[in-house]
Amino acid sequence: MFYDDLQRRTAFSDMAQPAHYTPLPDDWVVGTSDITGSTAAIAAGKYKVVNMIGAAVISAQINGAGGRAFPFVFGGDGAAFAHPAEFADQARAALAAVQVWAREEFDMGLRVGLFTVKDIRAAGHEVAVARYQVSEGVDYAMFSGGGVVWAEGQMKAGVETVPAAGPGTQPDLTGLSCRWSHMEARNGAILSLLVQPREGVTDEAFADVTRSVLEAVSHLERDGHPSPPQGPGTGWPPPGATLEAHASRGSMPLAKRKRQILFETAIAWVVLKTKIKLGGFDPAHYQRTVGANADYRKFDDGLKMTLDCDAETVVRLKVLLEAAQSAGTVSYGMHIQNEAMMTCIVPSIMDDTHVHFIDGASGGYTQAALGIKAGP
């Protein structure tokens, strides 16, 4: 199968090389999503809700795939993915289900779309992917070529490709959670950074800028990873208990499901604090793996990173990116906050294949995107 055969690369700097990306087959489909009003929701303090809905799009696709690997990327207030043509109907149904769930559980709108790679290419854009291995158990897809951005633009313009699901339709969000505590900046700030190529800029010219960005942050401890080496911390009750109840309650009353989650997480908190091994579960190993598996930097038709960094590095990046923006090569946006947050998809705690998405804890990528929209 196409995606299974792609080489998994272990150096993130390799992701800045256009030659390491492979075009998707013509008959594949690309799914997109975007929360309407996410900026206002974040201003109202609902940033965890925004991230939860964005991750729910991926969770529903993972559960629908039944263990089959496919490319996906988390964007904070949305997500994108791709599947072979034979899974298009399944992907479409899962998108529609999450759309209903977001509206009924949180009163939030979710735009969704599904486009063929053939149609994206006909519009003059490419969808190419690479696989970045972050740990022994997990790799993440990187996208390039501008095709995902084009598909998102079509979706936001109102092109309807996903029929609405009926009221009460429930997505399968097994494993979706946000139990970890926020991760405080250890070096001064949590920086959410977006860098996008300008229209007509060559892949090579954009790659030159991204390589300079990666070099500018290479001195940071663990390349700026927001999670400490031993993994994120945890407290009780977990800040995302109510959100997890919304994701997993099905037809159960919300209050009852939340009580169950509080009971489950109380036990988990004790185990993680005491590091007591239970059966085949090693809590210290699991916590370290959570940090190792986290997706804090990616290429998604542009460079996205959430970094723990110092003030000097922020200034250095601004100077570099202002020059590239003035040259007409890129547009960029930044948002600085004190903490990072994590949203997780954990089908099982007994293996190392769980995935974790990091964003800034006060708006992150969504706030950084406002800088791009307001830029020249």
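Residues numbered from 1 in each chain as written. Predicted model: local features only at pLDDT ≥ 70, side-chain atom pairs only at ≥ 80, totals over all residues. Heavy atoms only, no water.

A. Structural view of helix H3 (residues 88-106). Here H3 is 19 residues long and its end C-alpha atoms lie 27 Å apart, about the 27 Å a rise of 1.5 Å per residue gives. Positive backbone phi, at 55°, marks Asp 107, one or two positions downstream of H3. (Helix = DSSP H or I, 4+ residues; strand = E, 2+ residues; numbered from the N terminus. Expected span 1.5 Å × (residues − 1).)

B. The sheet that holds strand E4 (residues 72-74), seen in detail. The strand order across the open sheet formed by four strands is E4-E5-E3-E6, and the pairing between neighbours is antiparallel. Bordering the open sheet on either side are E4 and strand E6 (110-116), each of which pairs with just one other strand. Averaged over all pairs of adjacent strands, the angle between their axes in this sheet comes to 10°, without regard to strand direction. In terms of strand pairing, strand E3 (residues 29-35) meets E6 through seven bridges, oriented antiparallel. The residue of E6 that forms the bridge with Ile 35 is Leu 110. Sitting on the sheet, helix H2 (residues 47-65) touches E3, E4, strand E5 (79-83) and E6, and the angle it makes with E4 is about 170°. Sheet contacts for H3: E3, E5 and E6; angle to E6, the most-contacted strand, approximately 170°. (Pairing = 2+ DSSP bridges. Axes fitted to C-alpha atoms, helices over the stretch in contact; angles between N-to-C directions. Contact = heavy atoms within 4.5 Å.)

C. Inspection of the packing of helix H6 (residues 203-217) against helix H10 (residues 311-326) at higher detail. The interhelical angle for the contact between H6 and H10, taken along N-to-C directions, is 170°, at an axis separation of 10 Å. If you check the angle between H6 and H10, you find them roughly antiparallel. Contacts between H6 and H10 pair Val 209, Ser 212, Val 213, Ala 216 and Val 217 from the former with Thr 313, Arg 316, Leu 317, Leu 320, Leu 321 and Ala 324 from the latter. Its residues placed into classes, the contact of H6 with H10 shows eight nonpolar, two polar and one charged. (Parallel < 35°, antiparallel > 145°, perpendicular 65-115°, else oblique. Nonpolar A, V, L, I, M, F, W, Y, C, P; charged D, E, K, R; others polar.)

D. Main features of the pairing of strand E15 (residues 330-337). For E15, a buried count of seven out of eight residues is recorded, marking the element as mostly surrounded by other parts of the structure. In the sheet, strand E11 (residues 189-197) pairs with E15 via eight bridges, with the strands oriented antiparallel. Directly across from Leu 191, in E15, lies its bridge partner Ile 336. (Buried < 20%, exposed > 50% of the residue type's maximum accessible area, 1.4 Å probe, protein only.)

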